[in-house]
Number of protein chains: 2
Amino acid sequence: MDLAPLIRNVPDFPKPGIQFKDITTLLKNARAFQYVIDTWKCRYLEQNIQAIVGADARGFIFGGALAYAMHLPFIPVRKRGKLPAKTINGNFELEYGVDSVEIHVDALAPGQRVVLIDDLLATGGTMAATAALVKSLGAEIVEVSFLIELTALKGREKLAGLPVHSFITFEE
Amino acid sequence: MDLAPLIRNVPDFPKPGIQFKDITTLLKNARAFQYVIDTWKCRYLEQNIQAIVGADARGFIFGGALAYAMHLPFIPVRKRGKLPAKTINGNFELEYGVDSVEIHVDALAPGQRVVLIDDLLATGGTMAATAALVKSLGAEIVEVSFLIELTALKGREKLAGLPVHSFITFEE
């Protein structure tokens, strides 16, 4: 299924010069949403995955659906200050500044095999910080997977050493 | 299935006196997460639902999974400034201040039958604003449903005229 035409390009959002990739047009298409989740499910079905980790906030949509589809736990990684119990956190540089992500210290067990899901790989900063948190809890990252990858931003370089997958690539 | 024991109570988060209901302990339990989504699915299966609307951010986890389970479009309602294309927005009072939610103007069609999903009904402000946006696009709200309802905060009063459902009720 050709997914790229279902992503709406919004120029100059959130600031001039940025070509924002809008996933809501794909989510509105039930067949496409189903296809994405089922493709992920088939990709990981024989991999003995034990939890799906999703990144705040759009990663929750895809990660939550995939966890449901695979009958797995869903583990949210959130922006700083959103998770209520004891957390560990890590800083990262964004395209537009600096931010921080957190995970509950009891979210994952050592050796647990997980897949990390987000909608978009841009510079890779958020996912690199997320992966570092997951590793520091001792979990094993089987793959990091994105709906969209912006290849010109070289996010894969920041995720060196991790298996990375994406459905759709755009130059920028 | 008794879900209440799977919700972790975190006292004094995000500020003193608040008993925060942590849903991550339920999401970590794959069987409970499956049960919640499947119960929603069975509840709406014969209702000719045409889209699931989920609230930013925890509503994305449940709403995304439910949309997938029902083979329906998923429509995100977000905090102000997050949706890239043309939106309408509405203000509301939070327990901790004032905020605003937005929906894309092309997200729903007049007459479309939808269910609104969020994790928690507290004062009802966010969902009242969300429902107003959905109605202003002409969609028909079949039900508003929450995983958790804090009954002492009387959120149902703010949602007067809408069918409201919740899985778990806590006094506070």
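About the thresholds
- Residues numbered from 1 in each chain as written.
- Chains lettered and ligands numbered in written order.
- Predicted model: local features only at pLDDT ≥ 70, side-chain atom pairs only at ≥ 80, totals over all residues.
- Heavy atoms only, no water.
- Core = buried A, V, L, I, M, F, W, Y, C linked by side-chain atoms within 4.5 Å.
- Buried < 20%, exposed > 50% of the residue type's maximum accessible area, 1.4 Å probe, protein only.
- Helix = DSSP H or I, 4+ residues; strand = E, 2+ residues; numbered from the N terminus.
- Contact = heavy atoms within 4.5 Å.
- Salt bridge = Lys/Arg side-chain N within 4 Å of Asp/Glu carboxyl O.
- Pairing = 2+ DSSP bridges.
- Axes fitted to C-alpha atoms, helices over the stretch in contact; angles between N-to-C directions.
- Least-squares fit on C-alpha atoms with pLDDT ≥ 70 in both.
- Buried area = accessible area lost by both parts, 1.4 Å probe.
- Polar contact = N/O pair within 3.5 Å; in protein donor to acceptor, adjacent residues only side chain to side chain.
- Nonpolar A, V, L, I, M, F, W, Y, C, P; charged D, E, K, R; others polar.

**Observations regarding the nonpolar core**
In step 1: Of all hydrophobic cores here, the largest spans 69 residues; its most connected members are Phe62(A) and Phe62(B).
In step 2: Here this core takes nine residues from helix 3 (residues 58-70) of chain A, the largest share from any one element.
In step 3: Those residues in contact with Phe62(B), other than ones at most four positions away along the chain, are Ile23(B), Leu26(B), Leu27(B), Phe33(B), Val36(B), Ile37(B), Trp40(B), Ile117(B), Asp119(B) and Leu147(B).

**Focus: the pattern of salt bridges**
In step 1: Throughout the structure, instances matching the rule amount to 14 salt bridges over all chains.
In step 2: Arg58(B) serves as the salt-bridge partner of Asp119(B), at 2.4 Å between the closest nitrogen and oxygen. One end of the pair, Asp119(B), is in strand 7 (residues 113-121); the other, Arg58(B), is in helix 3 (residues 58-69), with 61 residues separating them in the sequence.
In step 3: Judged by its relative accessible area of 22%, Arg58(B) is partly exposed.
In step 4: Bridged by salt links that share partners, the residues Arg8(A), Asp22(A) and Asp106(B) form one connected network.

**Some words on the sheet that holds strand 8 (residues 140-150) of chain A**
By definition, the strands of a sheet pair up through backbone hydrogen bonds, in either a parallel or an antiparallel sense.
All names here are of chain A.
In step 1: If you walk across this open sheet you meet the seven strands as 5-6-4-3-7-8-9, and the pairing is mixed. In this open sheet, the two strands that pair with only one neighbour each are strand 5 (87-94) and strand 9 (164-170). Adjacent strand axes in the sheet meet at a mean angle of 20 degrees when their direction is disregarded.
In step 2: Taken together, the six bridges between strand 8 and strand 9 define a ladder with parallel strand orientation.

**Looking at the sheet that holds strand 9 (residues 164-170) of chain B**
Residues and elements named next belong to chain B.
In step 1: Strand order across the open sheet formed by seven strands is 5-6-4-3-7-8-9, with mixed pairing between neighbours. Of all strands in the sheet, those bounded by a partner on one side alone are strand 5 (87-94) and strand 9. Across the sheet, the axes of successive neighbouring strands diverge by a mean angle of 20 degrees, strand direction being ignored.
In step 2: Inspection of the sheet shows strand 3 (residues 51-55) paired to strand 4 (residues 74-79) by four bridges, in the parallel sense. Looking at the pairing, Ile-52 lines up with Phe-74 of strand 4.

**Examining the relation of the copies chain A and chain B**
In step 1: With an RMSD of 0.0 Å, the operation that places chain A on chain B is a rotation of 180 degrees combined with a shift of 0.0 Å along the axis. Such a turn and shift between the copies fits a two-fold axis. Using C-alpha coordinates, one finds that chain A approaches the rotation axis most closely at Ala65(A), a distance of 1.9 Å.
In step 2: A shared interface surface links the copies, since 100% of the contact residues of chain A are contact residues in chain B too.

**Some remarks on the interface of chain A and chain B**
In step 1: Each partner contributes to the interface: chain A provides 38 residues, whereas chain B provides 38 residues.
In step 2: Between chain A and chain B, a total of about 3200 Å² is buried, with carbon and sulfur atoms accounting for 63% of that surface.
In step 3: Linking chain A with chain B are two salt bridges.
In step 4: Between Asp106(A) and Arg8(B) there is a salt bridge, with its nearest N and O atoms 2.7 Å apart.
In step 5: Taken together, chain A and chain B are joined by 16 residue pairs in polar contact (both at pLDDT 80 or more).
In step 6: Looking at the side of chain A that touches chain B residue by residue, the class counts come to 23 nonpolar, six polar and nine charged.

**Topic: unusual backbone geometry**
In step 1: Each neighbour pair has its own omega, and for Phe13(B) with Pro14(B) the value is 0 degrees, a cis peptide bond.
In step 2: Within the secondary structure, Pro14(B) is located in the loop between strand 1 (8-11) and strand 2 (19-22).
In step 3: Non-glycine residue Asp12(A) carries a positive phi angle of around 60 degrees.
In step 4: Tracing the sequence through the fold places Asp12(A) in the loop between strand 1 (8-11) and strand 2 (19-22).

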